[in-house]
Amino acid sequence: MKKLFLFLLAMAVAIAMSAQCGSSSSQNKYSKTTTTQSKKGSTTTYIYSYKKGPTTKTSNKQSHKKKSNCRRNERLMFALSGGATYMLDADPSQGNIPKGEETSTSLQWNPEMLQPISSAFLGYRFDLKGSKRANVIGVWGTMGSHNAQTLLRLFARQERLNDFNGVQGNQFFTEVEGGFLLKEMFRLSGGQGAQNYFNLSGEQLQLKYNVATAGLHIPLGKNISWNSSVSMLFGQDFSQYTLRPSTGISFKFNALRL
């Protein structure tokens, strides 16, 4: 997983260095051509005409149009995101309380369940068709952490409390997903993840699982968007599925015209 993040970081540097569209050379405001040459006796007379180049207003319009087309035709997309995720698993202490008498539910707001999450995305833009928003196929690398409270809920949900040392602090999880960004707005992806934890013997181990994500990217500007998604964790070492909503801000960059 560390190699993936290093690779994405290297790609970010390469994209940042090549993100600028090439600028065309400026035209001379005036051009000089010889239109007529005549001779009278020993005297030679030259007649010149001067052609005025494009006005500044026209030149600016052409430059803006060219830059716009340049951005639209760039094929690589790189994005860095940061935000928060919320644990939806129910409080295990409520398991033996009769239904209707619970004091806490999985949907009741609890700030301890809010944890940081970040991701990097590298994708290829295709199906442009003159639109500013293309379809994109690519890969996401995600990293986040869970504290003791959120891990307790996760392990209770997976019925693995007998293997969990709840004394340890925050533990990281990492995920890799491949998928699509439809019109650079709707995310559909899937892959695998791993949650670090300490067992009762003090050994650091991992729970492995599958992950599927659906999300919405709302543009806030040319290079910034607000991302919200819901991931479902299931399979492998997980006996029950877990839902994990996330939200945050993403900064994206495009490069490589083809």
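Residues numbered from 1 in each chain as written. Predicted model: local features only at pLDDT ≥ 70, side-chain atom pairs only at ≥ 80, totals over all residues. Heavy atoms only, no water.

Trainee: Help me get a handle on the overall build of the protein, residues and values and all.
Mentor: Across its full length, the protein carries three helices and 10 strands. Looking at the protein as a whole, 34% of its 258 residues are labelled buried. Taking as baseline every contact in the protein between residues at least 6 positions apart, the subset at least 24 positions apart corresponds to 63%. (Helix = DSSP H or I, 4+ residues; strand = E, 2+ residues; numbered from the N terminus. Buried < 20%, exposed > 50% of the residue type's maximum accessible area, 1.4 Å probe, protein only. Contact = heavy atoms within 4.5 Å.)

Trainee: A description of the pairing of strand β7 (residues 186-198) should follow, citing residues and the corresponding values.
Mentor: Consecutive side chains along a regular strand alternate between the two faces of the sheet. When strand β6 (residues 171-182) meets β7, the two strands line up antiparallel, connected through 10 bridges. Within β7, the position partnered with E177 by the bridge is G191. The turn joining β6 and β7, which pair antiparallel and follow one another in sequence, is formed by three residues; a positive phi near 55° is taken by K183. In terms of strand pairing, β7 meets strand β8 (residues 204-219) through 13 bridges, oriented antiparallel. Note on β8: the bridge partner recorded for G193 is Y209. (Pairing = 2+ DSSP bridges.)

Trainee: Explain the sheet that holds strand β4 (residues 114-126) to me, using residue names and the numbers behind them.
Mentor: With respect to topology, eight strands assemble into a closed barrel ordered β3-β4-β5-β6-β7-β8-β9-β10, the strand pairing being antiparallel. When strand polarity is set aside, the average angle formed by the axes of neighbouring strands in this sheet is 25°. Bridge count for β4 against strand β5 (residues 135-146) is 10 bridges, and the pairing is antiparallel. Directly across from S119, in β5, lies its bridge partner T142. Of the strands in this sheet, β4, β5, β6, β7, β8 and β10 (242-257) are in contact with helix α3 (residues 148-157), which crosses β7 at around 100°. (Axes fitted to C-alpha atoms, helices over the stretch in contact; angles between N-to-C directions.)

Trainee: Would you mind going over the pattern of salt bridges in detail, with residue names and values included?
Mentor: All chains considered together, the criterion is met by five salt bridges. With a shortest N-O distance of 4.0 Å, D163 and R160 are connected by a salt bridge. Accessibility expressed as a relative area gives 25% for D163, which makes it partly exposed. Residues R187 and E177 are paired through a salt bridge, measuring 3.0 Å at the closest nitrogen-oxygen approach. Of this pair, R187 sits in strand β7 while E177 sits in strand β6, and the two are 10 residues apart along the sequence. (Salt bridge = Lys/Arg side-chain N within 4 Å of Asp/Glu carboxyl O.)

Trainee: Please give an account of α3 that cites residues and values.
Mentor: Restricting attention to buried positions, one finds in α3 the residues T150, L151, R153, L154 and F155. The inward-facing, buried residues of α3 contact β4, β5, β6, β7, β8 and β10. Where α3 begins, the capping side chain belongs to N147, and its oxygen is found 3.2 Å from the backbone nitrogen of Q149. Just downstream of α3 lies E159, where phi reads positive at about 55°. (Polar contact = N/O pair within 3.5 Å; in protein donor to acceptor, adjacent residues only side chain to side chain.)

Trainee: Describe in detail the confidence of the model for the protein, supporting the description with residues and values.
Mentor: The share of residues in the protein with pLDDT of 70 or more is 66%, and the mean pLDDT across the chain is 77. Scored below 50 in pLDDT, residues 12-39 shows 45 contacts in the model against residues more than four places distant or in partner chains. Taken together, the stretch residues 63-69 has pLDDT below 50 and engages in three contacts with residues farther than four places along the chain or on a different chain. (pLDDT = per-residue confidence, 0-100.)

Trainee: Quick one: what's the story with the packing of aromatic side chains, residue by residue and with numbers?
Mentor: All chains considered together, the criterion is met by five aromatic pairs. For the ring pair F121 and W140, a centre distance of 4.4 Å and an interplane angle of 40° mean the geometry is tilted. Of the two residues, F121 sits in strand β4 while W140 sits in strand β5, which places them 19 residues apart along the sequence. This pair shows no difference in class: F121 is buried, exactly as W140 is. An angle of 15° between the planes, with centres 4.5 Å apart, marks the rings of F155 and F164 as stacked. Counting every residue linked through ring pairs, the aromatic cluster contains F155, F164 and Y197. Here the guanidinium or amino end of R157 rests over the ring plane of Y241, the centre of that ring lying 5.0 Å away. (Phe/Tyr/Trp six-rings, centres within 6.5 Å; stacked < 30°, edge-to-face > 60°. Lys NZ or Arg CZ within 6 Å of the ring centre and 35° of its normal.)

Trainee: So, the nonpolar core: which residues are in play, and what are the values?
Mentor: Counting 15 residues, the largest nonpolar core has L151, L154, F155, L207, Y209, L233 and F238 as the members making the most contacts within it. Only α3 and β8 provide two or more residues apiece to this core. Setting aside anything within four residues of it in sequence, one finds L207 in contact with F155, R160, G193, A194, Q195, Y197, D237 and F238. Ranked by size, the runner-up nonpolar core spans six residues in total, among them M77, F121, V136 and L181. (Core = buried A, V, L, I, M, F, W, Y, C linked by side-chain atoms within 4.5 Å.)

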